[in-house]
Amino acid sequence: MNTIASETAGPLIGTNTDAGGFLQPLLRDKWKGRHAVLIGAGGAARAILFALTSLGVPEITIMARDPAKGQALLDRAGVKGKVIGMTDALPAADLLVNSTSLGMVGQPALDLDLSPLPASATVYDIVYAPLETGLLKAARDRGLKTLDGLEMLIGQAAPSFEALFRRPPRQIDRRLGRREVDHHVAQRQVGLVAPVDAGGHDHVVARVQHLGHRPTHPAAIAGDAGVEDGAQAAFSFDPSAS
């Protein structure tokens, strides 16, 4: 669960927008494939596994440090897939997804031999700090299509925004988001994103909340691993639409 909102005078309702956020760039690019490899077996992997099954991907392989945890993830989801270890050879696949923190600032690198991937493969890393991880650089060096963590961040933030403010964001500025991510990674100031209403007017930004600081806006109750970033991606709404 990464978003908690409520109807007026109604109960709090929790939801998770990670699966939909993960799917956004794949749907936009009309991605199609038969085999996906998912690295990781944690909370983000659970949402991504759900997203992949909703796409109808017939073959899913989980690569995990603990194969038993990977198998448990498949079993809970009712998916018949394969589990391999992190030291096993990467199988040929149409999509490779990293759902772990490996490659993030301050974390060990994710070092994989990508040579088994076909030239048509897509490599998707949900890490956002930095936006170009070692995995994505290696994929680009091989001429593979890549998707970075800002894609999923913005994809999951938009429905969270709508749940909190009861209106969709009018505009999403990805260039601003990328510039802000790069800046805050360089400053080692990566924290929670909180939708912030700029004085009740027509502009809302996802403001950086530095580590160790609590969000101050009452709407900023969306805040687990699914809503982390250093981006100040500009989300705008039209008050006349309310």
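If you're wondering where the values come from, they're calculated on a predicted model, not measured in any experiment.

1. Overview of the packing of helix α1 (residues 18–28) against helix α5 (residues 149–165)
Remark: α1 packs on α5, axes separated minimally by 7 Å, with the N-to-C direction vectors making an angle of 120°. In terms of orientation, α1 and α5 fall into the oblique class. Crossing of α1 against α5: the hand is right-handed. Listed contacts from α5 to Asp18, Gly21, Phe22, Gln24, Pro25 and Arg28 of α1 are Glu151, Met152, Gly155 and Gln156. Residues that form the contact of α1 with α5 fall into these classes: 3 nonpolar, 4 polar and 3 charged.

2. Notes on unusual backbone geometry
The residue after Ala129, namely Pro130, is reached through a cis peptide bond having omega 10°. With respect to the helices and strands, the residue Pro130 is situated in the loop between β7 (122–125) and α4 (134–141). Phi at Lys30 takes a positive value of approximately 55°, unusual for a residue other than glycine. Along the polypeptide, Lys30 turns up in the loop between α1 and β3 (35–39).

3. Some details on the confidence of the model for the protein chain
Per-residue pLDDT for the protein chain averages 76, and the proportion of residues at 70 or more is 68%. A low-confidence stretch, residues 189–242 (pLDDT under 50), is modelled with 136 contacts involving residues beyond four sequence positions or located in other chains.

4. Description of the environment of Leu26
Within the secondary structure layout, Leu26 lies in helix α1. Since its relative accessible area comes to 3%, Leu26 is described here as buried. Distance from Leu26 to Glu151, taken between C-alpha atoms, is 9.7 Å for residues 125 residues apart in sequence. Apart from residues no more than four positions distant in its own chain, Leu26 is found in contact with Trp31, Leu55, Leu95, Tyr124 and Leu147.

5. Let's talk about the sheet that holds strand β8 (residues 145–147)
Reading across from one edge, β5-β4-β3-β6-β7-β8 is the order of the 6 strands in this open sheet, with parallel pairing throughout. The sheet terminates laterally at β5 (82–85) and β8, the two strands that pair on one side only. Between one strand and the next, the sheet's axes are offset by a mean angle of 20°, whatever the strand orientation. The sheet contact formed by β3 and strand β6 (residues 95–98) spans 4 bridges and is parallel. The residue bridging Ala36 from the neighbouring strand is Leu95, located in β6. Together, β6, β7 and β8 form the strand contacts of α1, whose direction differs from that of β7 by roughly 155°.

6. A word on the packing of aromatic side chains
In this structure the tally under the stated criterion is 1 aromatic pair. Judged by centre distance (4.6 Å) and plane angle (10°), the ring pair of Phe22 and Tyr124 falls under stacked. Of this pair, Phe22 sits in helix α1 while Tyr124 sits in strand β7; the two residues are 102 residues apart in sequence, bridging distant segments of the chain. This pair shows no difference in class: Phe22 is buried, exactly as Tyr124 is.

7. A look at the pairing of strand β1 (residues 3–6)
Alternating positions in β1 separate cleanly, Thr3 and Ala5 being buried on one face and Ile4 and Ser6 remaining unburied on the opposite face. Where β1 meets strand β2 (residues 12–15), 4 bridges bridge the pair, whose relative direction is antiparallel. Counterpart to Ser6 in the pairing with β2 is Leu12.

8. Quick notes on the nonpolar core
Considering soluble globular proteins, one finds that nonpolar side chains tend to be buried as a cluster. In this structure, Phe22, Leu26, Leu52, Leu95 and Tyr124 are the most contacted members of the largest nonpolar core, which totals 27 residues. Ranked by residue count, the leading element in this core is helix α2 (residues 43–55), at 6 residues. Excluding anything up to four places from it in sequence, Leu52 contacts Phe22, Ala36, Val57, Ile60 and Leu95. Formed by 18 residues, the second largest nonpolar core is a distinct cluster that contains Ala93, Leu96, Leu102 and Val123.

9. Some words on the side chain of Glu151
In this structure, Glu151 sits in helix α5. Overall, Glu151 belongs to the buried group, its relative accessible area being 9%. Within the local environment of Glu151, its side chain forms a polar contact with the side chain of Arg28, the two groups lying 3.0 Å apart.

10. Considering α4
The α-helix advances 3.6 residues per turn, and as a result positions three or four apart in sequence lie on the same side. Along α4, the residues classified as buried are Leu135, Leu136 and Ala139. Down the axis of α4, the smallest arc covering the buried residues is 95°, so these residues share one side. Seen from the buried face of α4, the exposed residues on the opposite side, beyond 90 degrees, are Gly134 and Asp141. Next to the buried residues of α4 lie β6, β7 and β8. Gly143, located one to two residues past α4, shows a positive phi value of around 80°.

How each quantity is defined
Residues numbered from 1 in each chain as written. Predicted model: local features only at pLDDT ≥ 70, side-chain atom pairs only at ≥ 80, totals over all residues. Heavy atoms only, no water. Axes fitted to C-alpha atoms, helices over the stretch in contact; angles between N-to-C directions. Helix = DSSP H or I, 4+ residues; strand = E, 2+ residues; numbered from the N terminus. Parallel < 35°, antiparallel > 145°, perpendicular 65-115°, else oblique. Left-handed = near helix turned anticlockwise from the far one by under 90°. Contact = heavy atoms within 4.5 Å. Nonpolar A, V, L, I, M, F, W, Y, C, P; charged D, E, K, R; others polar. pLDDT = per-residue confidence, 0-100. Buried < 20%, exposed > 50% of the residue type's maximum accessible area, 1.4 Å probe, protein only. Pairing = 2+ DSSP bridges. Phe/Tyr/Trp six-rings, centres within 6.5 Å; stacked < 30°, edge-to-face > 60°. Core = buried A, V, L, I, M, F, W, Y, C linked by side-chain atoms within 4.5 Å. Polar contact = N/O pair within 3.5 Å; in protein donor to acceptor, adjacent residues only side chain to side chain. Arc of directions from axis to C-beta.

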